[in-house]
There are 2 protein chains.
Amino acid sequence: MQIYHHFLCPFSKQIAILMSELDIAHIKIEHQFWKPNPEFDSLSMWGERPVMIVEDTVIVGTYPCFEYILAETDNKYLLSSDLITLTRIRQVANWFNKHFYEQVSAHIIHEKLVKIFSTREYIDTSIMRLAHKNLHEHMLKMSAIIDMQGYLAQDDLSYADLVAASHLAVIDYFGDINWSLYPKVKEWYCLIKSRPIFRSNLEGKITGIDPSKNYLKLDF
Amino acid sequence: MQIYHHFLCPFSKQIAILMSELDIAHIKIEHQFWKPNPEFDSLSMWGERPVMIVEDTVIVGTYPCFEYILAETDNKYLLSSDLITLTRIRQVANWFNKHFYEQVSAHIIHEKLVKIFSTREYIDTSIMRLAHKNLHEHMLKMSAIIDMQGYLAQDDLSYADLVAASHLAVIDYFGDINWSLYPKVKEWYCLIKSRPIFRSNLEGKITGIDPSKNYLKLDF
């Protein structure tokens, strides 16, 4: 299996981490998604990520990729054989990959990464303010859920937590999370971050943009 | 099972049609999604549709709803027991529910329905022009696929076709499709529209907005 991947792409990150955690062999092809890439564009209309190649089949998007992996593995670790729990995992994935992305990650990635390397425009502070306001609301909602059940979809770690943590990791690289406001989320994130597979997926550095101070720290 | 539903909502439409086709008992609760509805909002953050109620569980969004139904039924009609075909069905669902919606349906529904009943602003012709340009591109892509294999995800009808047809039916209500440009898509759509269950889901009328001339015609 091959996956087009960049450590600052929350979509390919969550699928690559899931495959590593489930011990599914895969090769990562580095994809700097802010650069024009005719090879990638020929596989993914509208530039949607991630793109996985399974033998002759191209699978595009977190939803089809996740469901493919789920169907192919007997390993229920991080997933669930209980349909209601699995439905909850899918809903949290949908929350982060759709709503959190549209309201938070997409803006921050565009303003702080794409603009610097691609459009070369200035950061729009009103968009950043909106993204931070939305981030705050999502973090409060996460705090409440984590406080209640320890993790996002059930009382134990699941793929849902990896999806959420993948988005947070990317925006944390840019230093946009004021962790002191969300101690419950911070505690949960530190637990996930200390997993060797998640940690190895944090590695990477973009020339010109240093990661925030606590990005790589396990305890901060 | 209960589903919040409106015949001009492409999301609840596709799930309601799927349940009818698979003979799954369900009750529709009319949901005029352009009106404030505290009961609905308490179930669905960000107003995402559809919302299904299964015993005590609330399931939000086409992706979790579809996967729940798929897991609960042994009936593989409209679905597939072949993983690669099922993956293709999911990708087409993702195409229409994400990209087609964002580029086409969302704009037309907002300009021609939400604005009239909710915000009371004028239709923005530049947005309508963009939606029509995007619609044209998607219709050409559909034409090519239908020409090649008869249907969108395989050489026979599947849930993927119902998803696509649900979006087209809503924008066809407003008369925004120039069918003469896309004979292959028109032929495919007429076949789907002539199915009794799809047809019964076309029924409905909004006071103040008449359906386009060919909206209810089986052959046009």
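Parameters at a glance
- Residues numbered from 1 in each chain as written.
- Chains lettered and ligands numbered in written order.
- Predicted model: local features only at pLDDT ≥ 70, side-chain atom pairs only at ≥ 80, totals over all residues.
- Heavy atoms only, no water.
- Helix = DSSP H or I, 4+ residues; strand = E, 2+ residues; numbered from the N terminus.
- Rg over C-alpha atoms; globule rule 2.2 N^0.38 Å.
- Buried < 20%, exposed > 50% of the residue type's maximum accessible area, 1.4 Å probe, protein only.
- Contact = heavy atoms within 4.5 Å.
- Areas by Shrake-Rupley, 256 points an atom, 1.4 Å probe, with all protein chains shown as cover.
- Lys, Arg positive; Asp, Glu negative; His and termini not counted.
- Charge placed at Lys NZ, Arg CZ, Asp CG, Glu CD.
- Axes fitted to C-alpha atoms, helices over the stretch in contact; angles between N-to-C directions.
- Parallel < 35°, antiparallel > 145°, perpendicular 65-115°, else oblique.
- Nonpolar A, V, L, I, M, F, W, Y, C, P; charged D, E, K, R; others polar.
- Phe/Tyr/Trp six-rings, centres within 6.5 Å; stacked < 30°, edge-to-face > 60°.
- Pairing = 2+ DSSP bridges.
- Core = buried A, V, L, I, M, F, W, Y, C linked by side-chain atoms within 4.5 Å.
- Domains from an automatic or database assignment.
- Buried area = accessible area lost by both parts, 1.4 Å probe.
- Salt bridge = Lys/Arg side-chain N within 4 Å of Asp/Glu carboxyl O.
- Right-handed = clockwise from strand over helix to strand, strands pointing away.
- Left-handed = near helix turned anticlockwise from the far one by under 90°.
- Expected span 1.5 Å × (residues − 1).
- UniProt positions renumbered as here; feature names shortened; annotations may be inferred.

> Teacher, can you tell me more about the overall build of chain A here?
A tally of helices and strands in chain A yields eight helices and four strands. Across chain A, helices and strands are ordered from the amino to the carboxyl terminus as β-α-β-α-β-β-α-α-α-α-α-α. Relative to a compact globule of 220 residues, whose C-alpha radius of gyration would be 17 Å, chain A shows 17 Å and is just as compact. Sorting the 220 residues of chain A into buried and exposed places 57% on the buried side. A sequence separation of at least 24 residues applies to 68% of the contacts in chain A between residues at least 6 apart. Taken as a whole, chain A presents about 9,600 Å² of accessible surface, with 51% of it coming from carbon and sulfur. Between the mean site of the 22 positive side-chain charges and the mean site of the 27 negative ones, chain A shows a separation of 8 Å.

> Any chance you could explain the packing of helix α5 (residues 125-149) of chain B against helix α7 (residues 183-193) of chain B here in plain terms?
Axes are the key here: two packed helices are described by the angle between their axes and the distance separating the axes. Residues and elements named next belong to chain B. Contact geometry of α5 with α7 gives a least axis separation of 8 Å together with a crossing angle of 70°. On the basis of their axis angle, the class for α5 and α7 is roughly perpendicular. Only K184, V185 and W188 of α7 make contact with α5, whose side of the interface consists of M139, M142, S143, I146 and D147. Each residue belonging to the contact of α5 with α7 can be placed in one class, and the counts come to five nonpolar, one polar and two charged.

> Just to check I follow, could you spell out the packing of aromatic side chains for this structure?
Each pair of aromatic rings is reported with the distance of its centres and the angle of its planes. According to the stated counting rule, one finds 29 aromatic pairs over all chains in the structure shown. Judged by centre distance (4.0 Å) and plane angle (5°), the rings of F66(A) and Y159(A) are stacked. With F66(A) in helix α3 (residues 62-72) and Y159(A) in helix α6 (residues 159-173), the pair connects residues that are 93 residues apart, well separated along the chain. Plain terms: the ring middles of F33(B) and W34(B) are 5.2 Å apart, the flat faces sit at 80° to each other, and that makes the pair edge-to-face. F33(B) gets classed as buried once you look at its relative accessible area, which sits at 14%. Through successive ring pairs, a cluster of aromatic residues spans F7(A), Y173(A), F174(A) and Y215(A).

> Would you explain the pairing of strand β4 (residues 57-60) of chain B in this entry?
Successive side chains on a regular strand alternate, one facing one side of the sheet and the next facing the other. All names here are of chain B. Examined bridge by bridge, strand β3 (residues 51-54) and β4 share four bridges and lie antiparallel to one another. Bridging from a neighbouring strand, V51 pairs with V60 of β4. Here β3 hands over to β4 after two residues, with E55 in that stretch at a positive phi of 50°.

> I keep staring at the nonpolar core and nothing clicks. Help me out?
The tendency in soluble globular proteins is for nonpolar side chains to be buried as a group. Grouped together as the largest cluster of nonpolar side chains are 143 residues, with contacts concentrated most on M142(A), L168(A), W188(A), M142(B), L168(B) and W188(B). Counting the residues that make up this core, at least three belong to each of domain 1 (2-72) and domain 2 (83-200) of chain B. In this structure, M142(A) is in contact with W95(A), F96(A), L152(A), A164(A), L168(A), V185(A) and W188(A), ignoring residues within four places of it in sequence.

> How should the environment of F198(B) be read in this particular structure?
All names here are of chain B. Structurally, the position occupied by F198 is in helix α8 (residues 196-200). Classification of F198 as buried rests on a relative accessible area of 0%. C-alpha of F198 to C-alpha of Q32: the two residues are 166 residues apart in sequence and 20 Å apart in space. When near neighbours in sequence (up to four residues on either side) are disregarded, F198 contacts I17, L162, A165, S166, A169, Y189, I192 and K193.

> What am I meant to see in the interface of chain B and chain A here?
Interface size is often expressed as the accessible area that is lost when the parts come together. Each side of the interface is counted separately: chain B has 27 residues, and chain A has 27 residues. Interface area for chain B against chain A, summed over the two sides, is near 2,600 Å², with a carbon-plus-sulfur share of 65%. Sorting the residues of chain B by area buried against chain A places W46(B), Y63(B) and L83(B) first, and these three jointly supply 26% of that buried surface. The tally of links between chain B and chain A comes to four salt bridges.

> Any chance you could explain the pairing of strand β2 (residues 27-30) of chain B here in plain terms?
All names here are of chain B. As paired elements, strand β1 (residues 2-5) and β2 share four bridges and run parallel to each other. Bridged to I3 within β2 is K28. In this region the chain leaves β1, passes through helix α1 (residues 10-21) and returns to the parallel neighbour β2; the handedness of that crossover is right-handed.

> In this structure, what is going on with the packing of helix α4 (residues 83-119) of chain A against helix α5 (residues 125-149) of chain A? I would like to understand it.
Residue and element names in this part refer to chain A. At a minimum axis distance of 9 Å, the contact between α4 and α5 shows a crossing angle of 145°. The interaxial crossing formed by α4 with α5 has left-handed handedness. Residues W95, F96, H99, F100, Q103, V104, H107, I108, E111 and K112 of α4 form the contact with α5, whose participating residues are I127, M128, A131, H132, N134, L135, H138, K141, M142 and I145. Across the contact of α4 with α5, the residue classes tally to eleven nonpolar, six polar and three charged.

> Quick question: what am I supposed to make of α5(B) here?
Each α-helix turn comprises 3.6 residues. Residues three or four places apart therefore point the same way. All names here are of chain B. The terminal C-alpha atoms of α5, which comprises 25 residues, lie 36 Å apart, in line with the 36 Å expected from a rise of 1.5 Å per residue. Buried within α5 are the following residues: M128, A131, N134, L135, H138, M139, M142, S143, I145 and I146. Contacts from the buried residues of α5 go to α4 (83-119), α6 (159-173) and α7. Phi turns positive one or two residues past the end of α5, at G150, with a value near 90°.

> Honestly, the UniProt feature "domain: GST C-terminal" (unreviewed entry) in chain A in this entry has me stumped. Any pointers?
UniProt tags residues 82-215 of chain A as "domain: GST C-terminal" (unreviewed entry). End-to-end, the C-alpha atoms of residues 82-215 of chain A are 34 Å apart, and along that stretch the chain is 69% helix and 0% strand.

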